Amino acid sequence: MDPSTFRRQKTAVITGFTSGIGLATAKELALCGVRIIGIGRSRARCMEAQKEILASVISAGRDVVGKESAGFEGPGKKIPRINAAAGDPAGITRTHFEATGTRTPAGIEAIVSKPSGIEPGGIETAEIDIAGIKNAGSKSAMAATKVYEPVVGGPLGDKAAAIEGAGVDFIVADLSSTREVARAAEEIRGILSWEGRESLDILVNNAGTFSSWYAGTPDGYELQFAVNHLAPFLLTNKLLDLLKKSEDGRIITVSSGSHYRTRIKWDDIFLSRRYNGLRAYKQSKLANVLFTAEVNRRIGSCGNLRAFALDPGLIRTQIGFKGTDSLARWIWKKRSDKGKLPETAARLALFLALDGKPREYPDIYWKDFKPKQPSKYACREEAAKRLWELSERMCGLKA
Amino acid sequence: MICITGACGGLGKAFAQECARRGWNLFLTDINSEGLICLADGLRRLYGIRVEQFSCDLSDSESRGLLFGHLIKNQLPFWGLINVAGIDYEGPFLERSPQQVTGILRLNLEANLDVTLNLLRLRAKDRSFMVINVASLAAFYPMPLKATYAASKRFLLDFSLALREELKDYGVTVTALCPAGMPTNENSISAINAQGFAGRITTKNVGPVAAGTIKRALKGRAVYVPGLFNTCIKIIGLFVPPRIIAWAIRERWSKAQCRNGRISRLEPPVLQS
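Residues numbered from 1 in each chain as written. Chains lettered and ligands numbered in written order. Predicted model: local features only at pLDDT ≥ 70, side-chain atom pairs only at ≥ 80, totals over all residues.

K.L.:
I would appreciate a short explanation of the overall build of chain B in the present structure.
P.N.:
When helices and strands are counted, chain B shows ten helices and seven strands. Against the globule reference of 19 Å for 273 residues, chain B gives a C-alpha radius of gyration of 18 Å, in line with a compact fold. Along the three orthogonal principal directions, the C-alpha set of chain B runs to about 55 × 40 × 35 Å. Contacts in chain B between residues at least 24 apart in sequence constitute 69% of all its contacts with a sequence separation of at least 6. (Helix = DSSP H or I, 4+ residues; strand = E, 2+ residues; numbered from the N terminus. Rg over C-alpha atoms; globule rule 2.2 N^0.38 Å. Contact = placed C-beta atoms within 7 Å.)

This is the structure in structure tokens:
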């Protein structure tokens, strides 16, 4: 491909992209023409995820999109036709829409004209909410919605090129080890520079873990603290210069509502003397919010980059079934059955990654496409600073 | 300086972290050389202590010789030794290879005694010395299906108790840690889950176990069995004849075996190596 194309296409790094929220987010981003670099722990699962993401791009008819939007550039121009993918109410199957629209700086304002794949009249039940802005179609099968341009000036003429453009790469790394995180960051730099890209646009710190048992990492730290907080911290720091170069950089860290009603236990941050799995999880998710706040403070002057903490709500993922005891499994089974699908969280991630709206707010913590007040503790500046400095020491960023 | 063997395993790491937190300098050894460097780096960065590492296959006497040579050359001021390195293989005696059976003895006993003797000779003469031996709750019973392992741990327990008395006047304390199953890796976690409620109640986190052991070793305690329930199991073992205990364990184990289609364990197959 022509190197100038690479420069115009957005790039995203997603950790833990092989399952759950990470996989769903990778798919959504790929459908928007974002080039994906995923990080996963097992090569086999990475390859599976790669295949799945590419398959979803193909099934959404990216090749057509490529042809139609080729040569289209600059905001305000009319698009003859774009092919957008939207989820049905359950968010599972994708339906194709043909639409005309206008490109705005925030994306594309599109008018859906002809849904293909569902019957006319049935569109009222379909939601077009790629951007997270829900707009149920009207009876006349016309719906105004906001759809992202699938390919930024896409040069894609055929299916093979579409796949190449969608570009899903992965790096196998165990994020519990600071060495591995640093290596992953180096490899990401390698991939980007090989493609002639000078910046990274989106970093989704999604990978998270829960452990009922105290487990040590290769560095001798605690597993949940290392994976849920240190890995995002180190990865962000190692990629920060590239993110700053982006025209519209976003750092999205998947936090959780469990960050409420807890604090950082400074005198035993690994909880090694009195370990409780849930306590450790809550603390690590609080650390995510503190980290997000601090990263925003530190990059303050650099207007192009913003960090967000994402609260996915209760999502039906496998997180409670890995490394847990039978009681935790049972509880998670009961609880997660009531949860939403990972796609719901992925749409919020997409919204925070691409939409112009989140930038307009000073808020860093987002839930259900709305800013939300994080816990009081998460707003403490001195705690955020202390955590940052401690994390720097753990990762060896400062001697 | 404290020497920890099998430092890269789950319990070893927990001990290393606990010692580092207390600001103690460490000498770490393990068969996993890369893991050792990573661990030493991590502890150095966070706690700012001195950490030395030397990779060694403790079950091999030549490799041990290199380790001792390194120690003598560097004249490190040791005042503590935590013998964590130990091994077990899953399965009945008849299914084990001769190498596996002797391997258990070589690492759990031979290496342990050799390291203890050498470290005691190298100890800082001006202060007291602390030895912690990781035995097992299995040390209190003859255990079918884990016969070699349990007997080797019994050896360690008895040895620790005797050595403790012998070295009392030299300012040396010897503490035997006797834990039940510990969730140190995915295998041991699935083994614990397979045991259901019994697994859950006997299992203790390695972090608190390490912290509790250090606390007791500093007080000069002889034996530490983490957890109230495990202490009860130990006490039962003192009153019931060993023959009956062996029979009862076999009954329980073979039932578990039927349930899971495999042998369920009270301990992870490989603690450290």
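From this point, things continue past the structure.
K.L.:
Looking at this structure, how should I read the overall build of chain A?
P.N.:
Across its full length, chain A holds twelve helices and twelve strands. Classification of the 399 residues of chain A by burial places 52% in the buried group. Contacts in chain A between residues at least 24 apart in sequence constitute 70% of all its contacts with a sequence separation of at least 6. (Buried ≥ 20, exposed ≤ 12 C-beta atoms within 10 Å, placed from the backbone.)

K.L.:
Quick question: what am I supposed to make of the environment of Asp-114 of chain B here?
P.N.:
Residue and element names in this part refer to chain B. With respect to the helices and strands, Asp-114 occurs in helix 4 (residues 98-121). Using a count of 16 C-beta atoms within 10 Å as the deciding quantity, one classes Asp-114 as partly exposed. Distance in space between the C-alpha atoms of Asp-114 and Leu-58 is 9.3 Å, their sequence separation being 56 residues.

K.L.:
Help me understand the packing of helix 2 (residues 20-31) of chain A against helix 10 (residues 342-354) of chain A, please; the structure alone is not making it clear to me.
P.N.:
For any two helices packed against each other, the geometry comes down to the angle between their axes and how far apart the axes lie. Residue and element names in this part refer to chain A. Relative to each other, helix 2 and helix 10 sit at 50°, their axes nearing to 8 Å. Between helix 2 and helix 10, the interaxial angle falls into the category oblique. Considering only the axes of helix 2 and helix 10, their crossing is right-handed. Contacts from Gly-20, Ile-21, Leu-23, Ala-24, Thr-25, Glu-28 and Leu-29 of helix 2 reach helix 10 at Pro-342, Glu-343, Ala-345, Ala-346, Arg-347, Ala-349, Leu-350 and Ala-353. (Axes fitted to C-alpha atoms, helices over the stretch in contact; angles between N-to-C directions. Parallel < 35°, antiparallel > 145°, perpendicular 65-115°, else oblique. Left-handed = near helix turned anticlockwise from the far one by under 90°.)

K.L.:
What's the story with the interface of chain A and chain B in this structure? I'm lost.
P.N.:
When the parts of a complex come together, some accessible area is lost, and that lost area is often taken as the interface size. In this assembly, 22 residues from chain A lie in contact with 23 residues from chain B. Only helix 9 (326-336) and helix 12 (381-395) of chain A provide two or more residues apiece to the side of chain A that touches chain B. By residue class, the composition of the side of chain A that touches chain B is nine nonpolar, seven polar and six charged. (Nonpolar A, V, L, I, M, F, W, Y, C, P; charged D, E, K, R; others polar.)

K.L.:
For this particular structure, what's the right way to read the pairing of strand 9 (residues 249-254) of chain A?
P.N.:
Each regular strand shows side chains that alternate between the opposite faces of the sheet. Residue and element names in this part refer to chain A. Across the six residues that make up strand 9, a large majority, six, are buried. Regarding topology, helix 7 (residues 223-244) serves as the crossover connection from strand 8 (residues 202-205) to the parallel strand 9, and that connection is right-handed. Summarising the sheet, strand 9 and strand 10 (residues 305-311) pair through six bridges and their orientation is parallel. The partner of Thr-253 across the bridge, within strand 10, is Ala-309. (Right-handed = clockwise from strand over helix to strand, strands pointing away. Pairing = 2+ DSSP bridges.)

K.L.:
Mind showing me how you'd approach the environment of Thr-292 of chain A here?
P.N.:
Residue and element names in this part refer to chain A. Within the element layout of this structure, Thr-292 appears in helix 8 (residues 277-298). Considering only alpha carbons, one finds Thr-292 and Tyr-377, 85 residues apart in sequence, at a separation of 13 Å. The contacts of Thr-292, once residues within four sequence positions are left out, are Thr-253, Ala-307, Phe-308, Ala-309 and Ile-364.

K.L.:
Can you help me understand the sheet that holds strand 3 (residues 51-55) of chain B in this one?
P.N.:
Strand-to-strand pairing in sheets goes through backbone hydrogen bonds, with the strands running parallel or antiparallel. Residues and elements named next belong to chain B. Overall, parallel pairing links the seven strands, which are arranged 3-2-1-4-5-6-7 in an open sheet. Whereas interior strands pair on both sides, the edge strands pair on one side only; in this sheet they are strand 3 and strand 7 (223-224). As defined by bridge partners, strand 5 (residues 129-134) adjoins strand 6 (residues 172-177) across six bridges and the pair is classed as parallel. Paired with Asn-133 across the two strands is Ala-176, which belongs to strand 6.

K.L.:
Got a minute to help me understand the sheet that holds strand 2 (residues 35-40) of chain A in this structure?
P.N.:
Residue and element names in this part refer to chain A. If you trace the eight strands from one edge of the open sheet to the other, you get 7-2-1-8-9-10-11-12, paired in mixed fashion. Of all the strands in the sheet, just strand 7 (168-172) and strand 12 (370-371) have a single pairing partner and so form its edges. As judged from the five bridges shared by strand 2 and strand 7, these two strands associate in the parallel manner. For Gly-38, the partnering residue across the bridge sits in strand 7 and is Phe-170. Contacting strand 2 and strand 7, helix 3 (residues 43-59) crosses the sheet at an angle of about 165° to strand 7. Contacting strand 1 (11-15), strand 8, strand 9 and strand 10, helix 7 runs over the sheet at an angle of about 175° to strand 8.

K.L.:
Looking at this model, I keep getting lost on the packing of helix 2 of chain A against helix 3 of chain A. Mind explaining?
P.N.:
Residues and elements named next belong to chain A. Direction vectors running N to C along helix 2 and helix 3 enclose 40°, while the axes themselves pass 9 Å from each other. Considering the angle they form, helix 2 stands oblique to helix 3. In the packing of helix 2 onto helix 3, the handedness of the crossing is right-handed. Residues Leu-23, Ala-26, Lys-27, Ala-30 and Leu-31 of helix 2 lie in contact with helix 3, whose contacting residues are Ala-49, Glu-52, Ile-53, Ser-56 and Val-57.

K.L.:
What's the story with helix 2 (residues 33-47) of chain B in this structure? I'm lost.
P.N.:
Owing to its 3.6 residues per turn, the α-helix brings residues three or four apart onto one side. For helix 2 of chain B, which comprises 15 residues, the first-to-last C-alpha distance of 21 Å matches the rise-based estimate of 21 Å (1.5 Å per residue) to within 8%. Those residues of helix 2 of chain B that fall on the buried side of the exposure criterion are Gly-35, Leu-36, Cys-38, Leu-39, Ala-40, Gly-42, Leu-43, Arg-45, Leu-46 and Tyr-47 of chain B. On its buried face, helix 2 of chain B is in contact with helix 6 (178-194) and helix 12 of chain A together with helix 1 (10-21), strand 2 (26-30) and strand 3 of chain B. One or two residues past the end of helix 2 of chain B sits Gly-48 of chain B, with phi positive at roughly 60°. (Expected span 1.5 Å × (residues − 1).)

K.L.:
Sorry if this is basic, but what is going on with the pairing of strand 2 of chain A here?
P.N.:
Residue and element names in this part refer to chain A. Summarising burial for strand 2: six of the six residues are buried, a large majority. Both strand 1 and strand 2 contribute to a ladder of five bridges, which runs parallel. Each residue of the ladder has a partner; that of Thr-15, found in strand 2, is Ile-39.

K.L.:
Which parts of the structure should I look at to understand unusual backbone geometry?
P.N.:
Residue and element names in this part refer to chain A. Not every positive phi belongs to a glycine, and Leu-271 is a case in point at roughly 55°. Note on placement: Leu-271 falls in the loop between strand 9 and helix 8. When the 20 C-beta atoms within 10 Å are taken as the criterion, Leu-271 is described as buried.

K.L.:
What is the right way to look at the confidence of the model for chain A in this model?
P.N.:
Reading predicted coordinates in detail is not appropriate for stretches of low pLDDT. All names here are of chain A. Across chain A, the average pLDDT comes to 76, with 70% of residues at 70 or higher. Of all secondary-structure elements in chain A, the lowest mean pLDDT belongs to strand 6 (residues 143-147), at 31, while strand 8 reaches the highest, 97. Here residues 1-7 is modelled with pLDDT under 50, and outside its nearest four sequence neighbours on either side it reaches eleven contacts, counting other chains as well. For residues 62-164, every residue scores under 50 in pLDDT, and the model assigns this stretch 220 contacts once sequence neighbours within four places are set aside. (pLDDT = per-residue confidence, 0-100.)

K.L.:
Explain helix 3 of chain A to me, please; I cannot follow it from the model alone.
P.N.:
All names here are of chain A. Helix length check: helix 3 (17 residues) gives 24 Å between terminal C-alpha atoms against 24 Å at 1.5 Å per residue, within 8%. Buried within helix 3 are the following residues: Cys-46, Ala-49, Ile-53, Leu-54, Ser-56 and Val-57. Considered in projection along helix 3, the buried side chains sweep an arc of 160° and stay on one side of the axis. The exposed set on the far side of helix 3, more than 90 degrees from its buried face, consists of Ala-44, Lys-51 and Ala-55. (Arc of directions from axis to C-beta.)

K.L.:
Could you clarify how one ought to interpret the environment of Thr-203 of chain B in this entry?
P.N.:
All names here are of chain B. Positionally, Thr-203 belongs in the loop between helix 7 (197-202) and helix 8 (206-218). Sequence spacing of Thr-203 and Ala-180 is 23 residues, and the spatial spacing of their C-alpha atoms is 6.2 Å. Leaving out residues up to four positions away in the same chain, Thr-203 has contacts with Ala-180, Gly-181, Met-182, Pro-183 and Ile-192.

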